[in-house]
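What follows is the residue order along each chain.
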Amino acid sequence: MLQQAGVRVLYRHRLREKGGVRKQGLRVAAITTEDGTEFQGQIFADCSYEGDLMAQAGVSYTWGRESTAELRRIARRSARPDAEAPVAGRRLTLRLGGKAAA
């Protein structure tokens, strides 16, 4: 599926610890790995355990379990016929330019 979509998956390419992300405005334009290789692209997926790319890009985030109040809010919202189903458990919310994408 990934090949058909033209997605290139690279394993064991650790992000450089300092200065591994180059941004243009709010957008990540390129990343640099520990061996000095630079990758440019339109989309980068942070698949590290710690969120290294996200942290170096300066993205604000929250993680952990939702509070009971948050789960109730999600349940109320999902009761609408046009709403997406709630997902309980771990959640990650990214904020870029003031807009959140969960």
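Residues numbered from 1 in each chain as written. Predicted model: local features only at pLDDT ≥ 70, side-chain atom pairs only at ≥ 80, totals over all residues. Heavy atoms only, no water.

**Student:** Talk me through the overall build of the chain; I want residue IDs and the actual numbers.
**Tutor:** Regarding its fold elements, the chain presents three helices and six strands. Of the regular secondary structure in the chain, the N- to C-terminal order runs α-β-β-β-α-β-α-β-β. Buried positions account for 22% of the 102 residues belonging to the chain. Considering only residue pairs separated by 6 or more positions, the chain has 36% of its internal contacts joining residues 24 or more positions apart. A total accessible area of about 8,500 Å² is found for the chain, and carbon and sulfur atoms account for 52% of it. (Helix = DSSP H or I, 4+ residues; strand = E, 2+ residues; numbered from the N terminus. Buried < 20%, exposed > 50% of the residue type's maximum accessible area, 1.4 Å probe, protein only. Contact = heavy atoms within 4.5 Å. Areas by Shrake-Rupley, 256 points an atom, 1.4 Å probe, with all protein chains shown as cover.)

**Student:** Any details on the sheet that holds strand β1 (residues 21-24)? Residues and values, ideally.
**Tutor:** Sheet architecture is open: three strands sit in the order β1-β2-β3, paired in antiparallel fashion. In this open sheet, the two strands that pair with only one neighbour each are β1 and β3 (38-40). Here the strands of the sheet are splayed against their neighbours by 25° on average, with no regard to which way each runs. In terms of strand pairing, β1 meets strand β2 (residues 27-32) through four bridges, oriented antiparallel. In the sheet register, R22 faces β2, and the bridge partner there is A30. (Pairing = 2+ DSSP bridges. Axes fitted to C-alpha atoms, helices over the stretch in contact; angles between N-to-C directions.)

**Student:** Requested: an account of the nonpolar core, with residues and values cited.
**Tutor:** Ranked by size, the top nonpolar core spans nine residues in total: L15, V21, V28, I31, F39, L53, M54, A57 and V59. Elements represented by at least two residues in this core include exactly β2 and α2 (52-56). Those residues in contact with I31 that sit more than four places away from it in its chain are L15, G20, V21, T37, E38, F39, F44 and L53. (Core = buried A, V, L, I, M, F, W, Y, C linked by side-chain atoms within 4.5 Å.)

**Student:** Give me the lowdown on a nonpolar patch on the surface, citing residues and values where you can.
**Tutor:** On the surface, L2, V7, V9 and Y11 cluster together into a nonpolar patch covering about 390 Å² of accessible area. By the secondary structure assignment, V9 is in the loop between α1 (2-5) and β1. Given the relative accessible area of 37%, V9 is considered partly exposed. (Patch = residues over 30% accessible without salt bridge, like charges linked within 9 Å, V, L, I, M, F, W, Y side chains within 5 Å. Salt bridge = Lys/Arg side-chain N within 4 Å of Asp/Glu carboxyl O.)

**Student:** Tell me about unusual backbone geometry, and name the residues and values.
**Tutor:** The phi torsion at R12 lies on the positive side, around 55°, for a residue other than glycine. Residue class for R12 comes out exposed when judged on its relative accessible area of 81%.

**Student:** Kindly report on the pairing of β2, identifying the contributing residues and their values.
**Tutor:** Regular strands place their side chains on alternate faces of the sheet. Buried residues dominate β2, accounting for five of its six residues. Taken together, the three bridges between β2 and β3 define a ladder with antiparallel strand orientation. Residue pairing in the sheet places A30 in a bridge with Q40 of β3.

**Student:** Give me the lowdown on the side chain of T33, citing residues and values where you can.
**Tutor:** Structurally, the position occupied by T33 is in the loop between β2 and β3. Apart from the residues within four sequence positions on either side, T33 is in contact with H13, R14, L15, R16 and F39.

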